[in-house]
Amino acid sequence: MSARSSPRAVVADDSHFMRSVISDILEEGGVEVIATAKNGREATEIVCEQEPDVVTMDVEMPEMNGIEAVEQIMAECPTPVLMLSAHTDENASVTFEALEKGAVDFFTKPGGEVSMEMSRLKDQLVDMVRTVADVDPVARAARNSQGATTESATPAAGAEQYVDNPTLVIGSSTGGPTVVERVLSELPVAANLRILVVQHMPDEFTSRFANRLDGRSEYTVREASDGDRIGGGDALVAAGGYHMEVSNYTHGRLRVALTEDAPVNSVRPSVDVTMESAAAAIDDPLVGVILTGMGEDGANGIRAIKDAGGTTLAQNEASSAVYGMPKRAVETGKIDDVCSLDSISTRIIEAVKPEVH
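Residues numbered from 1 in each chain as written. Predicted model: local features only at pLDDT ≥ 70, side-chain atom pairs only at ≥ 80, totals over all residues. Heavy atoms only, no water.

**Q** Just to check I follow, could you spell out the overall build of the protein for this structure?
**A** If you tally the helices and strands in the protein, you get 13 helices and 15 strands. Residues classed as buried in the protein amount to 55% of the 357 residues present. If you take every contact in the protein between residues at least 6 apart in sequence, the share linking residues at least 24 apart comes to 72%. Total accessible area on the protein stands at roughly 14,300 Å², and carbon and sulfur atoms take up 44% of it. (Helix = DSSP H or I, 4+ residues; strand = E, 2+ residues; numbered from the N terminus. Buried < 20%, exposed > 50% of the residue type's maximum accessible area, 1.4 Å probe, protein only. Contact = heavy atoms within 4.5 Å. Areas by Shrake-Rupley, 256 points an atom, 1.4 Å probe, with all protein chains shown as cover.)

**Q** Just to check I follow, could you spell out the pattern of salt bridges for this structure?
**A** Taken as a whole and judged by the stated rule, the model has 18 salt bridges. Put simply, Glu-186 and Arg-182 hold a salt bridge, and the shortest N to O gap is 3.0 Å. The same class applies to Glu-186 and to Arg-182, which are both buried. (Salt bridge = Lys/Arg side-chain N within 4 Å of Asp/Glu carboxyl O.)

**Q** Even after reading the chapter, I still don't get the sheet that holds strand β10 (residues 234-237), so can you show me in this structure?
**A** In sheet architecture, strand pairing relies on hydrogen bonds along the backbone and comes in two forms, parallel and antiparallel. Strand order in the open sheet formed by 7 strands is β8-β10-β7-β6-β13-β14-β15, with parallel pairing between adjacent strands. Here the strands that pair on one side only, and so sit at the sheet edges, are β8 (220-223) and β15 (337-339). Here the strands of the sheet are splayed against their neighbours by 20° on average, with no regard to which way each runs. Summarising the sheet, strand β7 (residues 194-199) and β10 pair through 4 bridges and their orientation is parallel. Paired with Arg-194 across the strands is Asp-234, a residue of β10. Docked against the sheet, helix α8 (residues 176-185) engages β6 (167-172), β7, β8 and β14 (311-315), running at close to 170° with respect to β7. In the packing of helix α13 (residues 344-351) onto the sheet, the strands contacted are β6, β13 (286-290), β14 and β15, and the crossing angle to β14 comes to about 180°. (Pairing = 2+ DSSP bridges. Axes fitted to C-alpha atoms, helices over the stretch in contact; angles between N-to-C directions.)

**Q** Looking at this structure, I do not really get the state of the cysteines. What am I missing?
**A** Where two cysteines share a covalent bond between their sulfur atoms, that bond is called a disulfide. Tallied over the entire structure, the rule returns 1 disulfide. Paired through a disulfide, Cys-48 and Cys-77 show a sulfur-sulfur distance of 2.0 Å. Torsion about the S-S bond of the Cys-48 and Cys-77 cystine: about -65°, corresponding to left-handed handedness. Separated by 29 residues along the polypeptide, Cys-48 in helix α2 (residues 40-50) and Cys-77 in the loop between α3 (66-76) and β4 (81-86) bring together distant segments of the chain. Judged by relative accessible area, which is 29%, Cys-48 ranks as partly exposed. (Disulfide = S-S within 2.5 Å.)

**Q** How should I be thinking about unusual backbone geometry in this particular structure?
**A** Keep in mind that most residues, glycine aside, have a negative phi and that most peptide bonds are trans. Residue Pro-269 is bonded to the preceding Arg-268 through a cis peptide linkage, with omega at 15°. Mapped onto the elements, Pro-269 comes out in the loop between β12 (253-259) and α10 (271-281). One non-glycine residue, Glu-63, lies in positive phi territory at about 70°. With a phi close to 55°, Asn-165 is a non-glycine residue in the positive phi region. Judged by its relative accessible area of 23%, Asn-165 falls in the partly exposed class.

**Q** What am I meant to see in the sheet that holds strand β5 (residues 105-109) here?
**A** If you trace the 5 strands from one edge of the open sheet to the other, you get β2-β1-β3-β4-β5, paired in parallel fashion. Strand pairing shows two members of the sheet lacking a second neighbour, β2 (32-37) and β5, which therefore form its edges. The average angle at which neighbouring strand axes cross in this sheet is 25°, direction not considered. The pairing of strand β1 (residues 8-12) with β2 spans 5 bridges and is parallel. In the sheet register, Val-10 faces β2, and the bridge partner there is Ala-35. Here α2 sits on the sheet in contact with β1, β2 and β3 (54-58), set at roughly 145° to β2. Helix-sheet contacts for helix α6 (residues 122-133) involve β3, β4 and β5, and the interaxial angle to β4 is about 145°.

Purely geometric numbers; function is a separate question.
Below, the structure written as structure tokens:
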């Protein structure tokens, strides 16, 4: 697709109104909408026949829903899919299932005066569609299936030795949820990490994401609340719509504050805010990791962590769905190691082991 300036899109939604609104927004943003579909079955047939660069997929549709459609598309004619999900708890759960099946990312459809809200968000939607269109779904599926079968248990250890009171800060965006799940699932609780996760994700989704991480890792994971304190073996996920700052750190326990300060790098929560505050407050071992995502959020945070004596890692281009945030982090010159998805968790563990002299 990268050779074409205008990606070709298929819009799938059971609402004729929403199909029209989304199509108009994409066309105005330079994305060619070659077809629309009113259910998942129709979408699958059109995608396999028309071979678009990207699909926007509604979650709940008759005959075949968005999850089933994503699964079939990935099996028959792999194509980058952006889920369009409503702001509901039920849709949040289903959307994560779609990401597991191979969808690249999701965009939340606004409620209320939909046409006005979508118009306000149109630049963001067009940017996301263009970004998702550049993802290679075949390579991404191969990486995910390989990791699930070969690498998941690698870092698990018995009587390993670790440094005292290490903290890990992870930042990610587009393509990140499944990657964060994998990394946390591979980290042994014996390392006694305090983990802060900043995933660009709206409200209603971050609590569900935290619950998923809690069920897939040895760590106790929850969505952050203002004033939360955590120690070793605990993890917090930044709440959608709030910056998460490390407000205090004493004797291996850290406290976070949530703020509604202005977005940083056009996002809230911002990785930079969390990383910079961690670098300022924490005087024990600190590791910063930037995973797949669009934009530049996290680059300044990586700089702060490195300047404070921490270890800094970035996901490599080959294993990133979108090499935006990691690329900007690498360009700071402050990254210690650029890692494949297969090696990130191992490298984190190496960073929190005592140096052998």
